[in-house]
Number of protein chains: 2
Amino acid sequence: MSFAYVARPEKPAWSGVLPGSPQPYFLRKGEGEHAKLFTDTFTVMLSGDETGGQFGMFVANCPTGDVIPAHAHDDTHETFYIVEGRVRVYVQLPDGEKTSRLLGEGDFGFVPAGAAHAYRVEAAARILGAATGGFERFFQQMGTPADTVDMQSPPFVPDMPRMQAAARAHNMRFLPGFEWPEAETP
Amino acid sequence: MSFAYVARPEKPAWSGVLPGSPQPYFLRKGEGEHAKLFTDTFTVMLSGDETGGQFGMFVANCPTGDVIPAHAHDDTHETFYIVEGRVRVYVQLPDGEKTSRLLGEGDFGFVPAGAAHAYRVEAAARILGAATGGFERFFQQMGTPADTVDMQSPPFVPDMPRMQAAARAHNMRFLPGFEWPEAETP
């Protein structure tokens, strides 16, 4: 458990905004379960609890320059739909080839379970993700609860035990030293 | 099979744009598997074939005034994320109460499997949907393949056998005569 979390143990403002079971509900823009992780705010709009474990949905608000290094999650299919901004997504193909694509507004990327991938935010972005149910909790487990979409506060840097516990809970492998070719493709 | 489909039996331009198995891929805005259904164009970006049946994703381009009448699908959880425009989503709650919400850009709605729902497009909209895997094919089965997002061509109105076959394939019940209260809530 990280120091920042210990310092603010009360429930975040979003506690209870999702029903936790398959019931209808609506959210206004920016509503949901917020968690800060490094410089990003992740907002869970739908969890596996509402879909019988099928899928969850979240929005990531990410500043320019944000880099998520190479990793893979063997149980989780993940998607990137760019609502605004520009994000370069790197992914390793089944034949081992490494490729990337610069995604802009309305573009889409799919990373299947097990594929090594990474991304770099080239212009401040709002990314909608849908992923295998349960994965949406990763950002809360590795990050720290937040009351709002919060791009101003200092980054939240989890300590190593917190990172490792979140990764273990989602069968995620970080891939230190994994190199991507210089991006020449658009 | 409808007359319009018989008239153009060749493969649509999008044939093969999705891999059909869990492999990485990217799509530019507007790419995907297009189908026209009534006045709307549905673009499948991800199908259950890529996610082991977990979930699919699609974008619906809908003109102002479009109405989708009351229905329910007992096997399918469905979501509405408004990328642009305004859409009033009507849904029946577990206690029988009928409610609605006018959703704008960035707003979100969840309709669990089995819940009666409907929607009305109040300003031309682009709606991103994620739903239980396989449901994304409904729009293709009830509609007709299209080469592009196509808001100009005449509506595609399926004949009754085509509608019934698509509904049967997705355990969908149309609910004729289902009334919604006048919307007073925002």
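From a predicted model like this one, the values you see are computed outputs, not experimental measurements.

Undergrad: How should the relation of the copies chain B and chain A be read in this particular structure?
TA: Here two copies of a chain appear, and what relates them is a rotation about an axis with a shift along it. The transformation that overlays chain B on chain A combines an axial shift of 0.0 Å with a rotation of 180°, and the residual RMSD is 0.0 Å. Expressed as a symmetry operation, the mapping of one chain copy onto the other fits a two-fold axis. Taking C-alpha positions as reference, the residue of chain B nearest the rotation axis is B:Gln54, located at 2.6 Å. Counting the interface residues of chain B, we find that 100% of their copies in chain A are interface residues as well, pointing to one common contact surface.

Undergrad: How should the side chain of B:Asp107 be read in this particular structure?
TA: Relative to the helices and strands, B:Asp107 resides in the loop between strand S7 (98-103) and strand S8 (108-111). One polar contact links the side chain of B:Asp107 to the main-chain amide nitrogen of B:Gly104, over a distance of 2.8 Å. Look past the residues within four positions of B:Asp107 in its chain and what remains in contact with it is A:Leu27, A:Arg28, A:Lys29, B:Phe80, B:Tyr81, B:Ile82 and B:Leu102.

Undergrad: Where do I start with the nonpolar core in this structure?
TA: Soluble globular proteins tend to pack their nonpolar side chains together in the buried interior. With 86 residues, the main nonpolar core has A:Met57, A:Leu128, B:Met57 and B:Leu128 as its most contacted residues. Excluding residues within four positions of it along the chain, B:Leu128 makes contact with A:Met57, A:Tyr81, A:Leu128, B:Met45, B:Met57, B:Phe58, B:Val59, B:Thr79, B:Phe80, B:Tyr81 and B:Val83.

Undergrad: Explain the environment of B:Gly48 here, please?
TA: Positionally, B:Gly48 belongs in the loop between strand S3 (40-46) and strand S4 (55-62). The spacing of B:Gly48 and B:Ser21 is 27 residues in sequence and 8.7 Å in space, taken between C-alpha atoms.

Undergrad: What is the right way to look at the confidence of the model for chain A in this model?
TA: Caution applies to low-pLDDT regions: their predicted coordinates should not be interpreted in detail. When pLDDT is averaged along chain A, the result is 93; 93% of the residues meet or exceed 70. In this model residues 1-7 of chain A is a low-confidence stretch, pLDDT under 50, and it forms 10 contacts with partners more than four residues away in sequence or in other chains.

Undergrad: Can you help me understand the interface of chain B and chain A in this one?
TA: Taken residue by residue, the interface counts 44 residues in chain B and 44 residues in chain A. Taken together, the two surfaces of chain B and chain A that pack against each other cover about 3900 Å², and 66% of this comes from carbon and sulfur. One salt bridge connects B:Arg126 with A:Glu105, and the closest N-O pair in it is separated by 2.9 Å. Where chain B meets chain A, there are 18 residue pairs in polar contact (both at pLDDT 80 or more). Going through the elements one at a time, strand S1 (25-27), S3, S4, strand S6 (78-92), S7, S8 and strand S9 (117-132) of chain B are the ones with two or more residues in the side of chain B that touches chain A. Taken together, the residues of the side of chain B that touches chain A break down into 26 nonpolar, 11 polar and seven charged.

Undergrad: What's the story with helix H3 (residues 160-169) of chain A in this structure? I'm lost.
TA: All names here are of chain A. Listing the buried residues of H3 in full gives Arg162, Met163, Ala166 and Ala167. Along the axis of H3, the buried positions cluster into a sector of 130°, meaning they face one direction only. When the buried face of H3 is taken as reference, the exposed residues oriented beyond 90 degrees from it are Pro161, Arg168 and Ala169. You can read the cap of H3 off the contacts: a side-chain oxygen lies 3.0 Å from the backbone nitrogen of Arg162, and it is on Asp159. Once H3 finishes, Asn171 follows within two positions and takes phi at roughly 50°, a positive value.

Undergrad: Hey, could you run me through the packing of aromatic side chains in this one?
TA: Each aromatic ring pair is summarised here by two numbers: the centre-to-centre distance and the angle between the ring planes. The final tally for this structure, using the stated rule, is 21 aromatic pairs over all chains. Aromatic pair A:Tyr25 and B:Phe110: ring centres 5.6 Å apart, planes at 45°, arrangement tilted. With A:Tyr25 in strand S1 (residues 25-27) and B:Phe110 in strand S8, the pair connects residues from two separate chains. Judged by its relative accessible area of 1%, B:Phe110 falls in the buried class. With centroids separated by 5.6 Å and ring planes inclined at 75°, the aromatic side chains of B:Phe138 and B:Phe139 adopt a geometry described as edge-to-face. The class of B:Phe139 is buried, set by a relative accessible area of 6%.

Undergrad: Would you take a moment to explain the pairing of strand S2 (residues 33-37) of chain A for this structure?
TA: If a strand is regular, its side chains alternate between the two faces of the sheet. Residues and elements named next belong to chain A. The element S2 is largely enclosed, with a buried count of five among its five residues. Of the two faces of S2, both are covered, the one formed by Glu33, Ala35 and Leu37 as well as the one formed by His34 and Lys36. Across five bridges, S2 lies against strand S3 (residues 40-46) in antiparallel orientation. From the neighbouring strand, Ala35 faces S3, where its bridge partner is Phe42. Taken together, the three bridges between S2 and strand S10 (residues 144-146) define a ladder with antiparallel strand orientation. When the bridges of S10 are listed, His34 appears paired with Ala146.

Undergrad: Even after reading the chapter, I still don't get the environment of A:Glu179, so can you show me in this structure?
TA: Here A:Glu179 lies in the segment after strand S11 (172-174). Residues A:Glu179 and A:Ala70, spaced 109 residues apart in sequence, show a C-alpha to C-alpha distance of 8.2 Å.

Undergrad: Sorry if this is basic, but what is going on with the pattern of salt bridges here?
TA: Opposite charge on two side chains allows them to pair when their charged atoms are near. In the structure shown here, the tally under the stated rule is 18 salt bridges over all chains. Note that B:Arg137 is salt-bridged to B:Asp49, the shortest N-O span being 3.5 Å. Of this pair, B:Arg137 sits in the loop between S9 and helix H2 (138-142) while B:Asp49 is found in the loop between S3 and S4, placing the two residues 88 residues apart along the sequence. Counted as one network, the salt bridges with shared partners bring together A:Lys29, A:Glu84, A:Arg126 and B:Glu105.

So, how was this worked out
Residues numbered from 1 in each chain as written. Chains lettered and ligands numbered in written order. Predicted model: local features only at pLDDT ≥ 70, side-chain atom pairs only at ≥ 80, totals over all residues. Heavy atoms only, no water. Least-squares fit on C-alpha atoms with pLDDT ≥ 70 in both. Contact = heavy atoms within 4.5 Å. Helix = DSSP H or I, 4+ residues; strand = E, 2+ residues; numbered from the N terminus. Polar contact = N/O pair within 3.5 Å; in protein donor to acceptor, adjacent residues only side chain to side chain. Core = buried A, V, L, I, M, F, W, Y, C linked by side-chain atoms within 4.5 Å. Buried < 20%, exposed > 50% of the residue type's maximum accessible area, 1.4 Å probe, protein only. pLDDT = per-residue confidence, 0-100. Buried area = accessible area lost by both parts, 1.4 Å probe. Salt bridge = Lys/Arg side-chain N within 4 Å of Asp/Glu carboxyl O. Nonpolar A, V, L, I, M, F, W, Y, C, P; charged D, E, K, R; others polar. Arc of directions from axis to C-beta. Phe/Tyr/Trp six-rings, centres within 6.5 Å; stacked < 30°, edge-to-face > 60°. Pairing = 2+ DSSP bridges.

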